[in-house]
Amino acid sequence: MSSEGQNLPSSAELAEMDRDQLVKLGTKLDGVELVDYPDPWPVKGTRAEKRAERSVALWFAIAALFGLGFVVALIWWPWQYKAPEQSGTFLYSLYTPMLGVTLGVTVLALGIGVVSYTKKFVPAELAVQDRHDGEGEGSPEIDRKTIVAQLEDAGSRSTIARRSLVKRTVGLAGGALGLGVVALPVASFIKSPWKGDPADTLWHTPWAPEYQGEPVYLRRYTGDSSQIDLIRPEDLDAGGMETVFPFHESERNDPEKLGAVFTRSDTPVMLIRLRPEDAAKVIKRKGQEDFNFGEYYAYSKVCTHVGCPASLFEQRTNRILCPCHQSQFNALEYGKPIFGPATRALPQLPITVDAQGYLIARSDFIEPVGPAFWERKS
Ligand code: FES
């Protein structure tokens, strides 16, 4: 730190020096001369100073307010997906914007508060520094003492110690932001996505009939969840694929239930009509020999790897592709995985046609859909 040839004070002299002298020494050793180091508020307690303090505190208060707003939005705002026709869609659609706006304003206000405090209360010194080759040296003790003195001086001249309003609002803003950071990982444990579902919900899907013998129809989504569009075999061309959802007759006049079926992750099913020449090559899984209806096969659309929608059907090869990690399943061999990280076949939905000619599910899946979970044996 010191320039060559400079007289360095001894340890005893260092111990005698006050903070101002140490600051001057430190800057001198760095080749910096403090020309002017004015106190921005030489007269303490003026109305102008108090006004400046309040304006800084206001930014921190805004940051605290929006930080708390972020935590509230994260935990209490309606976050579960609602189809456009369901009640509560508008509030749900504001969930992400609410998080973005509250967190954004918190960080912005905090930043403005810090910059504003620095401009208003931290002395703007005028210093001159000579160019040097950067190979200066100083004793470690001098370095330590002068640097500590400079840091203490910066802290003292910033006058933060006596600005209780600013300190309180900074604490509030920092606390609210910290709360948000903690709430982010914790929030997902506070609200259960399974709330209201039966305890064994992972083992069943809405394809299960609600009473013995209830037909569960295959229904397509038209973009309007209140519209009930059932499927007949002739609706699908050979080699075609259609995504279908379950429909229970008891839900006909219940818009909430009609829409809810599209918001669940375990309902989508791929209905595939094989070409006759491909249907002849099908290898069926033991115990599932009658799950298809002629050339029609229905597989869960939830990838057995980590649950992405395996929504691509390649007609030429009869492969079902998952775009997430490129797993491929063979539609001609009970949805067996033939490429990629998935290790289990896509569960097959047993289907048939009712007396009116509509495709229906004969039962729920006979195994859980989607990826593994802790209680699953296979
Ligand atoms: S989720 Fe389908 S391959 Fe990973």
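Keep in mind the model is a prediction, meaning the values are calculated, not measured. (Residues numbered from 1 in each chain as written. Predicted model: local features only at pLDDT ≥ 70, side-chain atom pairs only at ≥ 80, totals over all residues. Heavy atoms only, no water.)

This part covers the nonpolar core. By size, the foremost hydrophobic cluster in this structure holds 17 residues, and its most contacted members are Ile272, Leu274, Tyr299, Ala310, Ile320, Phe329 and Ala331. Residue assignment for this core shows that the elements contributing at least two residues are strand E6 (269–273) and strand E7 (296–300). Core analysis: the next-biggest nonpolar cluster, separate from the first, contains 16 residues, Val216, Leu271, Tyr296 and Leu359 among them. (Core = buried A, V, L, I, M, F, W, Y, C linked by side-chain atoms within 4.5 Å. Buried < 20%, exposed > 50% of the residue type's maximum accessible area, 1.4 Å probe, protein only. Helix = DSSP H or I, 4+ residues; strand = E, 2+ residues; numbered from the N terminus.)

Take the packing of helix H2 (residues 19–29) against helix H6 (residues 140–157) next. Where H2 contacts H6, the axes come no closer than 8 Å and their chain directions differ by 115°. Considering how the two elements wind past one another, H2 and H6 form a crossing that is left-handed. The segment H2 lies against H6, with Arg19, Asp20, Leu22, Val23, Leu25, Gly26, Thr27 and Leu29 engaging Ile142, Lys145, Thr146, Ala149, Gln150, Glu152, Asp153, Ser156 and Arg157. Counted by class, the contact of H2 with H6 contains 6 nonpolar, 5 polar and 6 charged residues. (Axes fitted to C-alpha atoms, helices over the stretch in contact; angles between N-to-C directions. Left-handed = near helix turned anticlockwise from the far one by under 90°. Contact = heavy atoms within 4.5 Å. Nonpolar A, V, L, I, M, F, W, Y, C, P; charged D, E, K, R; others polar.)

Our focus in this paragraph is a positive patch on the surface. A surface patch of like charges, here positive, comprises Arg47, Lys50, Arg51 and Arg54. Along the chain, Arg47 falls in helix H3 (residues 47–76). (Patch = residues over 30% accessible without salt bridge, like charges linked within 9 Å, V, L, I, M, F, W, Y side chains within 5 Å. Areas by Shrake-Rupley, 256 points an atom, 1.4 Å probe, with all protein chains shown as cover. Salt bridge = Lys/Arg side-chain N within 4 Å of Asp/Glu carboxyl O. Lys, Arg positive; Asp, Glu negative; His and termini not counted. Charge placed at Lys NZ, Arg CZ, Asp CG, Glu CD.)

Before going further, it helps to spend a moment on the UniProt feature "domain: Rieske" (unreviewed entry) in the chain. Mapped onto this numbering, the UniProt entry gives "domain: Rieske" (unreviewed entry) at residues 294–360. Strand forms 34% of residues 294–360 and helix 0%; the C-alpha atoms that close the span are 13 Å apart. (UniProt positions renumbered as here; feature names shortened; annotations may be inferred.)

When the UniProt feature table is mapped to this numbering, "transmembrane region" (unreviewed entry) covers residues 56–77, 97–117 and 170–190. Helix makes up 100% of residues 97–117 and strand makes up 0%, while its end C-alpha atoms are separated by 30 Å. Counting secondary structure, residues 170–190 comes out at 100% helix and 0% strand; the distance between its end C-alpha atoms is 28 Å.

Next up on the list: the state of the cysteines. Considering all chains together, one arrives at 1 disulfide under this definition. The side chain of Cys308 participates in a disulfide bridge whose partner is Cys324; the two sulfur atoms lie 1.9 Å from each other. Between Cys308 and Cys324 the disulfide shows an S-S torsion of about -85°. By sign, it is left-handed. Separated by 16 residues along the polypeptide, Cys308 in the loop between E7 and strand E8 (312–314) and Cys324 in the loop between strand E9 (319–321) and strand E10 (328–330) bring together distant segments of the chain. The class of Cys308 is buried, set by a relative accessible area of 16%. (Disulfide = S-S within 2.5 Å.)

We now examine the packing of aromatic side chains. Enumeration over the complete set of coordinates arrives at 8 aromatic pairs. Between the aromatic rings of Trp41 and Phe121, the centroid separation amounts to 6.0 Å while the plane-to-plane angle is 40°, which identifies the pairing as tilted. Of this pair, Trp41 sits in the loop between strand E1 (32–36) and H3 while Phe121 sits in helix H5 (residues 95–121), and the two are 80 residues apart along the sequence. Residue classification places Trp41 among the buried positions, given a relative accessible area of 17%. (Phe/Tyr/Trp six-rings, centres within 6.5 Å; stacked < 30°, edge-to-face > 60°.)

Time to look at the side chain of Thr201. Among the secondary structure elements, Thr201 is positioned in the loop between helix H7 (164–190) and strand E3 (216–220). A relative accessible area of 9% means that Thr201 is categorised as buried. With near-sequence residues (within four places) excluded, Thr201 lies in contact with Trp194 and Arg264.

Although it is not a glycine, Thr159 sits at a positive phi angle of roughly 60°. Tracing the sequence through the fold places Thr159 in the loop between H6 and H7. Even without being a glycine, Tyr334 presents a positive backbone phi close to 45°. Residue position: Tyr334 is located in the loop between E10 and strand E11 (336–339). Residue classification places Tyr334 among the buried positions, given a relative accessible area of 18%.

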